[in-house]
Structures are given as structure tokens and as C-alpha cells.
Amino acid sequence: MWSLLKNILNILGTIISIIFIIAFSKVYLFLGKLQWFSLFFKEIHELIFNLFHFNDIRVRTSEFRSGTFVGAVLDPYRYSMSLLFGILVVSLLCGLLSTYIAVLLPEKMQKLIKRIMFFIESIPDVIVIFSIQLFVIWVYQKTDILVVDPIAGSDVVYILPIITTSILPSIILFQITYHAIKEEEGKLYIEFAKAKGVNKHHILIVHIFRNVCITVFSHSQYLFWFIMSNLLVTEYLFNINGIYSFMYKYLSSSEILASCLIMIFFPFYLFDALGNLLIYYLTGERKKIT
Amino acid sequence: VKKIFLNKNFLIGILFIVVLLFLSSIYTLYLSDSISNPPNRIYDKDHHLLDVPPYSPSTNFILGVDRYGEDIFWKVIDGSKYTILIALIVSFLRVIISTLCGIIYSLYLYKWKMLVGPFIRAFRFIPTVILTMIFFLSINIDNTVSDFSVVLNQVFILIFVAVVPLTNVIATEVNEYSKNEFILCAKSIGARKRWIIRKHILPYMRPRLFILLAQQTVQTLLLLVHLGIFQFLIGRAKEYTSSDGIGSTIKISLSLSNEWSGLIGLSYRELMLDQWILVGPCIGFILTIFSFRLIGMGIQQVLDEQPKQFYSFGSPSIKRKVEILDLFTLVKRK
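Keep in mind the model is a prediction, meaning the values are calculated, not measured.

1. Looking at the overall build of chain A
- Broken down by element type, chain A carries 10 helices and two strands.
- By residue count, 46% of the 290 residues in chain A fall in the buried class.
- Intrachain contacts of chain A at a sequence separation of at least 6 include 70% that bridge at least 24 residues.
- When the accessible surface of chain A is split by element, carbon and sulfur atoms take 67% of a total near 15,900 Å².

Take a look at the structure:
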């Protein structure tokens, strides 16, 4: 009961903080002047009032028409969330699979792979997206085969944005998992299992992965956050009508921004809480949500 | 400290940055006059027009020439000092401010965690790019302020945006560290918080702060790329009208300082036309980020090599004494 109340308080506190931050950004210019305080409170008051009547927020959908905010935001929201889910699944799969393969390789190859991964990680996601788009177009020019649609217009594309956005998270995941496995490998029970003649794959999958999962899940919140902030750039560069592009379009109206952020916040919080629950289930230790 | 300069990764990283900065400042001071601009038109022997800017990369122009007839290679070199300096200043101030806040938060204000926690979470979860953009927007409304104060405000925003999450990181680190036995001992003997900060926490944090500095520089550079994509520039953009012959005029903003994120963001349209215009600043970004990460990794490696007790005893000489004492006691017991 207490934990439920705590969760609700947490969510409420975060929502209020979001409102504060947005209101603060609006009056940032007047910081240090006399009227700043009153303007700030007026802004907050307006924002909260608008949020309570979020059914009445109007959005201009095209040049001459306007629609309700709720009607306009649902489609992009659904689209973005499915993209997010896809990216999460793909990067989890890729990251874990590549670690599994890498660990089985000989030492020298492992070092080489680590080097390459380190270099790839320092390429900004924007440039990754650029080069993949160019690559698809180049393939199209050479062979006349359009493998996947490089840029979305009014229609819905999934494959390419999911692939491009999950490259960097899977590399991060690879490094986390790889380090965790290397740490785990030195422990006594692994040596014991080896000495007993247990199969290499069996040790890896059954014994090591189970323990490594804890470390991976405790980092997964960071991963989720990373994916979310990259999704913004992906949506913009692929011309996707997702929630982030929606936010970017209405960047100057604070009530739309606030309600979008709050909408994105719920799955984020849910994921946080689920991750904590999972860690609790696996280890019996309760990690605090920060 | 000496060991750091023997580390290969650290050396390569810092050498690249220093050389780039040096070349860049030399360029603006001396070279920019002596290097002539690429020709406006290229003719062959019979005075047939071969090419007009943008030229594609060739032996004369390594990275090509952009639409306005400027050599991209030198543009990138020229812009590097602004980009790197902004990133360094921003990350330096970020680390300093958030270290102060983090130590204060973890030692004095941790009772208010319930209140501060949601605020930090809100900051952490709003994508930094969006946060920065809404602040930048509110600056751009006012047209009367001078260029310099715009840049100052923008740098301040870039710092402010990351301070809150970073404070949290440092606060948790300090909190974890203060659970060590020797700090508990010091406390029970009667050490004040100020003493603990000065003698235990700061020596422990110092090398880690340098790693954090390198990481934050990378973060700032990434943030700059993203801002550039959304056409939010450091400084004010120069509006530039060009007509395409048919009569319609397009407003093009040119970044004033050749700053990299501006170079990328403003020529984003060229991606489908002449890709090499974008390649230059992209390479610059990749190499710079890579070398900062190398620096961070180098420091990390040096730290990992050192024995763990090092920090708990304050200085290596004391530790050696302790070891000798141990030997003596062993001998005596025998």
C-alpha cells in the first residue's frame, strides 16, 4: 500500500517538475528582472489550467483547419511507441546475440571486435542515419532495387528506422554485457564447472547469462533513455510523423509540449518500475528508483 | 599523474586535439590570407567551362568546395576551435558546478530525497535536445540583445541543462563512497563533514572528475550535432537570400563562425545533392569525439592499474609505511 502511494507521489512530483521546467523556459529571458516572479506564476497557472482542460486544446492540423489535440496526437503516439518497442526488442536481441558470438571467438578476435565497437560508438547517431540513407539510395541507383524506403512520407515505415536506431543501443548493450561476462568468467563456480567438463555453451547460457542478466537489466533504464532521446533525431531525419516530430512542430506552445512529455513519461516510468521489479525478482534485492 | 602521459590512448587523443586547435588558430591568424580561395569557375585549355562550385573532392580540394566557393577542409579546420572550445568550456563548468551541488546534496540535503528525486527524474527523462531547444527558442524571441550575450546565454543553457542529472550521478557516487569503513571510522572519531569532504571525498573524486570531463565533452559535442540538425545554432545565424533564377527567393542562414554543428545543420539539404559538403564536418566530429573518448579511456586505464587502497590512505608513501609496519609486527610475533 505504502509503495503504491509512493509511486503515485513520484509520478505526480515528476509531472509537476515537468510543468515547472517548461514554465521556467518560457520566462527564462526575464530572469533577474523584477516582473520575473509574477510572470513565472502566471505561466504555471495557465499551464496547469490548460492541462486540466486538455480536451479543449486545439491544434492546427493544416493551414486552414484545426482539430482537437487528442485526435491529432493519438496516431503519432501509437506510431512512436511501436517504433520504440521495436527498437528495444531489436537492440536487445542484437546486443545479446553479438556478445554470445563474441565470447566464443578466440582472444585476438575479441580484442579486435572491442576496438571496432569502441570506434563505432563514437560516431554520432546523426551520421549513422545519414550514411545508411545514402547507402540505400546508392544501392537503388546501382541496382534499381529499393531495399527499404529510406524516407517516410505520409505512409508508415518501420524497418529502416528501427534498424538504424538500434545500432548504437545494441553496441552499448554489447559492451555492458561483454564486461559483465568477463567479470563473471573469473569466478570460482565457472572454473569448477569447467573442471567438471561441462560444455562451454552450457556454462555460458545456463550459468553466466543468468547472472549477467541482472547487470544488464540494471543498465537497461539508461538504454531506454538513450533510445528515447535518439528517436527524436530519427523521426526528424526520416520524416516520420511520430510524437517527437509532433512535439518539434509545436515546440513553442507549452501546453502541447507538456502534455506530450507527460504522455511519453508513462511508458518510461512503467519500464523503470518493471525493470526494478525484475531485478528484485532475480536477486531478492530492492534497488531504489532514482 | 606521470603514468597518464605514458598511456598510449590518452596520448593519441590529446595530441589530436592539441594539433587541431593549434592548426585552427594558426589558420585564422596567418594562413587565411595566404591561402587563396578556390577559383570561381574552372575552365579547360580551350576555355570551355568545366565546373562551377560546388566542386567534388579532388587532389586540390581534399574535402571539396561548397556552394559558396569556399574550401571545406579549411572551413572545418577554422570551425574546430569554436566547437572544441565551446564543448570544453561547457563540460568543464558542468562538472565543477555539479560536483559542488552533488557533494552538498549528498551530505546535507539527502533527507529531502523524496522531494528532489522527481525533479531530477523529470530533468533526466526530457530529452536534452528538446530541453535545450525550448530554452533557445525563448532567447531568440528578443532581437535587441547583442550577439555576445546571445552566445553567453546559450552556453549557460548548455551548462544548466545537464547540471541536474550530473548532480545526481555525483551525489550517488559520493553516497556510495561514504559508506566505506574508513569514513565511518573517521565520523565516529568525530571528523566533521567539511574534513571528510576535503580529506576523503575530494581526493577520491579528482581523477574521476577528469573522466567525467571527457565524457561530458563527448555529450556536449553530440548535443551540438543534434542542435545543428534542428538548425539551432550557437551564435546568431546570418540570413542570406538567394534567388534560384525563376524568381522565388529562399532564405538561407549561414553560420557566422564555421562552427561544425552549424556546418552540418545548414547544409543538411545538400545530403540529397552534393554529399561531400556534409562529409567534412562529419569526419571532424567523429575524430574529435573519438579522441575525447580515447582520453577518457586512457585515464580510466591508469586508474584501474593503481591499487585500490591508494585513495583510502591518502598518499602512497603512507601506505608503504603501513606495509613496513605490518612486516615488523609479523617478525616480532614470530
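2. A look at the packing of helix α6 (residues 159-185) of chain A against helix α8 (residues 200-238) of chain A
Residue and element names in this part refer to chain A.
- Between α6 and α8, whose axes approach to 8 Å, the crossing angle comes to 150 degrees. By the angle between their directions, the pair α6 and α8 is classed as roughly antiparallel. Considering how the two elements wind past one another, α6 and α8 form a crossing that is right-handed.
- A per-class count over the contact of α6 with α8 returns 19 nonpolar, eight polar and two charged.

3. Here's the deal with the packing of aromatic side chains
- All told, the structure shown has 10 aromatic pairs over all chains when counted by the stated rule.
- Look at Phe119 of chain A and Phe290 of chain B: their rings are 4.9 Å apart centre to centre, the planes differ by 80 degrees, and that puts the pair in the edge-to-face class. Placement of Phe119 of chain A in helix α4 (residues 107-121) and of Phe290 of chain B in helix α10 (residues 276-305) is noted, with the two residues assigned to different chains.
- Given a relative accessible area of 33%, Phe119 of chain A falls into the partly exposed group.
- Plain terms: the ring middles of Phe135 of chain B and Phe160 of chain B are 5.7 Å apart, the flat faces sit at 80 degrees to each other, and that makes the pair edge-to-face. Here Phe135 of chain B, found in helix α5 (residues 128-140), pairs with Phe160 of chain B, found in helix α6 (residues 147-177); they are 25 residues apart in sequence, far enough to count as distant.
- Residue classification places Phe160 of chain B among the partly exposed residues on the basis of a relative accessible area of 25%.

4. With respect to the interface of chain B and chain A
- Chain B puts 47 residues into the contact, and the matching count from chain A is 50 residues.
- Contact between chain B and chain A buries roughly 4,700 Å² in total, counting both sides, with carbon and sulfur atoms accounting for 77%.
- Where chain B packs against chain A, one counts one salt bridge.
- Residue Arg293 of chain B pairs with Glu121 of chain A through a salt bridge whose shortest N-O separation is 3.4 Å.
- Inspection of the chain B/chain A interface yields three residue pairs in polar contact (both at pLDDT 80 or more).
- Of all the elements in the fold, those that place two or more residues in the side of chain B that touches chain A are α4 (113-125), α5, α6, α8 (193-229) and α10 of chain B.
- The biggest single contributor to the side of chain B that touches chain A is α5 of chain B, with 10 residues.

5. Structural notes on the packing of α8 of chain B against α10 of chain B
All names here are of chain B.
- Here α8 crosses α10 at 165 degrees, and the two axes come no closer than 9 Å. By the angle class used here, α8 and α10 are roughly antiparallel. In the crossing of α8 with α10, the sense of the turn from one axis to the other is left-handed. On the side of α8, the interface is formed by Pro207, Arg208, Phe210, Ile211, Ala214, Thr217, Val218, Leu221, Leu222 and Val225, while α10 contributes Phe285, Thr288, Ile289, Phe292, Arg293, Gly296, Ile299, Gln300 and Leu303.
- Here the residues of the contact of α8 with α10 are counted per class, giving 13 nonpolar, four polar and two charged.

6. Topic: a positive patch on the surface
- Together, Lys111, Lys114 and Arg115 of chain A together with Lys8 of chain B make up a region of like positive charge exposed at the surface.
- At three residues, the largest contribution of residues to the positive patch is made by α4 of chain A.
- Residue position: Lys114 of chain A is located in helix α4.

7. Observations regarding a nonpolar patch on the surface
- A cluster of nonpolar side chains, Leu85, Ile89, Phe92, Leu93, Ile96, Ile97 and Leu100 of chain B, forms an exposed patch at the surface whose accessible area comes to about 610 Å².
- As for its placement among the helices and strands, Ile96 of chain B is situated in helix α3 (residues 72-108).

Reading the values: the criteria
Starting afresh in each chain, residues are numbered from 1 along the sequence in its written order. Whichever chain is written first is A, and whichever ligand is written first is 1; the rest continue in order. Two thresholds apply to this predicted model, a pLDDT of at least 70 for residue-level local features and 80 or more for giving and counting side-chain atom pairs, whereas whole-chain, interface and lining totals are computed over all residues. Heavy atoms from the whole structure form the basis of all side-chain values; hydrogens and water molecules are not counted. The helix count covers DSSP runs of H or I at least four residues long, the strand count covers runs of E at least two residues long, and both are numbered beginning at the N terminus. In this scheme, a residue with accessible area under 20% of its type's maximum is buried, one over 50% is exposed, and one in between is partly exposed, where area comes from a 1.4 Å probe on protein chains only. Residues count as neighbours in contact if any of their non-hydrogen atoms are within 4.5 Å of one another. Areas reported as accessible are Shrake-Rupley estimates using a 1.4 Å probe. Residue values count occlusion only from the protein chains shown. Only the contacting stretch of a helix is used when fitting its axis, a line to C-alpha atoms as for every element, and angles between N-to-C directions run 0 to 180 degrees. Angles below 35 degrees are treated as roughly parallel, those above 145 as roughly antiparallel, those between 65 and 115 as roughly perpendicular, and all remaining angles as oblique. Helix crossings are classified by the rotation of the near helix relative to the far one: an anticlockwise turn of less than a right angle makes the crossing left-handed, while a clockwise turn makes it right-handed. Residues are grouped as follows: Ala, Val, Leu, Ile, Met, Phe, Trp, Tyr, Cys and Pro are nonpolar; Asp, Glu, Lys and Arg are charged; all remaining types, including Gly, are polar. Working definition: rings of Phe, Tyr and Trp (its six-membered ring) pair if their centres are within 6.5 Å, and the pair is stacked with planes under 30 degrees apart, edge-to-face with planes over 60 apart, and tilted otherwise. Defined here as a combined quantity, buried area equals the accessible surface (1.4 Å probe) lost by two parts on assembly, summed across both. Salt bridges, as used here, are contacts in which a Lys or Arg side-chain nitrogen is within 4 Å of a carboxyl oxygen on Asp or Glu. For the purposes of these results, a polar contact is taken to be a pair of N or O atoms within 3.5 Å, where, inside protein, one atom must be able to donate a hydrogen and its partner to accept one; residues adjacent in sequence count only when each atom of the pair is a side-chain atom. The patches reported here contain residues having more than 30% relative accessible area and no salt bridge. Joining distances are 9 Å for like charges and 5 Å for nonpolar side chains (Val, Leu, Ile, Met, Phe, Trp, Tyr). The charge count includes Lys and Arg as positive and Asp and Glu as negative, but it does not include His or the ends of the chains. We put the charge of a Lys on NZ, of an Arg on CZ, of an Asp on CG and of a Glu on CD.

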